[in-house]
Amino acid sequence: MKVLIATSKPFAVAAVEGIREILASAGHEIALLEKYEGQAALVEAARDADAMIVRSDLVTSEVIAAAPRLKIVVRAGAGYDNIDLAAASARGVVVMNTPGQNANAVAELAVAMMIFMARNQFTPSTGSELSGKTLGIQAFGNVGRLVGAKAAALGMKVKAVDPFLSDADIIRGGAEPVATVEQLYASCDYVSIHVPATPQTVGSIGYELISSMPKGALLLNNARKEVIYEKGLEKALEERPDLKYAADVAPDSIASLKEKFGLRVFSTPKKMGAQSAEANVNAGLAAARQICSFFSDGDTHFQVNR
Ligand code: 3PG
């Protein structure tokens, strides 16, 4: 089978070598499309692909329609909002993710960003410490749990909310369960967002939640920019000069936010939470293995479009 690795943000070299080895030893052919610009290149490369490994690359209905042989797409990572699931399902294309494989990298970046913001973006002005503060984790999945464990080791009190988990699950994961998202925001000095982008979450974090945060709070978004209602964020930052916002996914209005709020706002130049060699190897190799088992045994364990 021909497997296309399509990554506009390439994997580390070691990950690509590992993926090649796994696929080649199972008799698959590999095509590599890296650092491409524009959808046309992806559409073109997909034409003769039986399988695809992608990251945040946009697997649109156009890409799927252009790939008549396509049977499986594996998103080497957690969030699959970049894949048109309806178009894939309509064509019988299996879509999988590789849950947890890049979670530690994202969690480490979240902790780094909390310290960075607490120390005023490493300017010499007086900052604050994480120890003794309360961290609220919105969605206690693979990333959220790791952020919680690392924050607890730094002396933070950790709370979490997750509509898909019981209180017992959250306690087992090392956090104090909170009943509602509203309660989480109102009671935490730091809130770290780890929800996927879904119709329920997009635009769901706005003025009410953000302005309910305690004095000096930081909102941290290493999930998806779309979950923030940006006008609400801006209004909250305007009214509350003590609040801060940091994101691994630049808001559309980043230029104006930075101009208005200076060091109270930060975003990475390009989404880099999962951008560690280890995460690339873990997620990339898992994706390659999942493709091999799919073709050899019909294994659909990590399918997300059932
Ligand atoms: C994910 O959903 O796994 C993360 O957001 C990482 O995305 P990336 O592979 O595009 O860096």
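Placed above this text is the structure.
A brief look at the structure comes next.

Comments concerning the site of the ligand
- Close contacts around the ligand come from K9, R55, S56, R75, G77, A78, G79, N102, R224, K271 and A274, and that covers them all.
- At 3.0 Å from an oxygen atom of the ligand is found a side-chain nitrogen or oxygen belonging to R75.
- Surface burial for the ligand is 95%, taken as the share of its 320 Å² of free accessible area covered by protein chains.
- For the shell around the ligand, the class distribution of residues is 2 nonpolar, 4 polar and 5 charged.

Focus: the packing of helix α5 (residues 103-118) against helix α6 (residues 142-153)
- Their axes nearest at 8 Å, the elements α5 and α6 cross at an angle of 45 degrees. Compared by their axis directions, α5 and α6 come out oblique. α6 is crossed by α5, and the crossing has right-handed handedness. Along the contact surface, α5 presents A103, N104, V106, A107, E108, A110, V111 and M114, while α6 presents N142, V143, L146, V147 and K150.
- The residue makeup of the contact of α5 with α6, split by class, is 9 nonpolar, 2 polar and 2 charged.

A word on the pairing of strand β2 (residues 29-34)
- Pairing of strand β1 (residues 2-7) with β2 involves 6 bridges; the strand directions are parallel. Looking at the pairing, V3 lines up with I30 of β2.

Considerations on the sheet that holds strand β7 (residues 157-161)
- Reading across from one edge, β8-β7-β6-β9-β10-β11-β12 is the order of the 7 strands in this open sheet, with parallel pairing throughout. Only two strands of the sheet have a single partner each, and these edge strands are β8 (176-177) and β12 (265-267).
- Relative to strand β9 (residues 190-193), strand β6 (residues 134-138) is paired through 4 bridges, and the arrangement is parallel. Note that in β9 the partner of G136 across the bridge is V191.

Digging into the pattern of salt bridges
- Tallying each qualifying case throughout the model produces 11 salt bridges.
- With a closest N to O distance of 2.8 Å, D48 and K2 form a salt bridge. With a gap of 46 residues between them, D48 in the loop between α2 (39-46) and β3 (51-54) and K2 in strand β1 connect regions that are remote in the sequence.
- Here D48 falls in the partly exposed class, since its relative accessible area comes to 31%.
- The residue K260 makes a salt bridge to E234 at a minimum N-O spacing of 2.2 Å. Linking K260 in helix α11 (residues 254-261) with E234 in helix α10 (residues 230-239), this pair joins segments that are 26 residues apart in sequence.
- Sharing partners across several salt bridges, the network here consists of D50, R69 and K71.

About the criteria used
- Each chain carries its own residue numbering, running from 1 in the written order of its sequence.
- Since the coordinates come from a predicted model, pLDDT governs what is reported: local features require at least 70, and pairs of side-chain atoms require 80 or more to be given and counted, while whole-chain, interface and lining totals use all residues.
- Computation of side-chain values covers all heavy atoms of the structure but excludes hydrogens and water.
- The near set for a molecule or strand comprises every residue that places at least one heavy atom within 4 Å of it.
- Counted as a polar contact is a pair of N or O atoms within 3.5 Å, where, for protein atoms, one must be capable of donating a hydrogen and the other of accepting one, and residues adjacent in sequence contribute only when both atoms are in side chains.
- Methods summary: accessible areas were calculated by the Shrake-Rupley approach with a probe of 1.4 Å, and residue burial reflects only the protein chains presented.
- Residue classes follow a fixed rule: Ala, Val, Leu, Ile, Met, Phe, Trp, Tyr, Cys and Pro count as nonpolar, while Asp, Glu, Lys and Arg count as charged, and any other residue, Gly among them, counts as polar.
- Note on definitions: angles span 0 to 180 degrees between N-to-C directions of axes, and those axes are lines fitted to C-alpha atoms, for helices only across the stretch in contact.
- Where helices and strands are cited, they refer to DSSP runs of H or I of at least four residues and of E of at least two residues respectively, numbered from the N terminus.
- Any angle between 65 and 115 degrees counts as roughly perpendicular, while under 35 counts as roughly parallel, over 145 as roughly antiparallel, and the rest as oblique.
- Helix crossings get a hand from a simple test, with the near helix turned counterclockwise from the far one by less than a right angle marking a left-handed crossing and a clockwise turn marking a right-handed one.
- Any two residues having at least one pair of non-hydrogen atoms within 4.5 Å are treated as being in contact.
- Pairing between strands is defined by DSSP: at least two bridges between the two strands are required.
- We count a salt bridge whenever a side-chain nitrogen from Lys or Arg sits within 4 Å of a carboxyl oxygen from Asp or Glu.
- The buried label applies to any residue whose accessible area, calculated with a 1.4 Å probe on protein chains only, is under 20% of its type's maximum; exposed applies above 50%, and partly exposed to all values in between.

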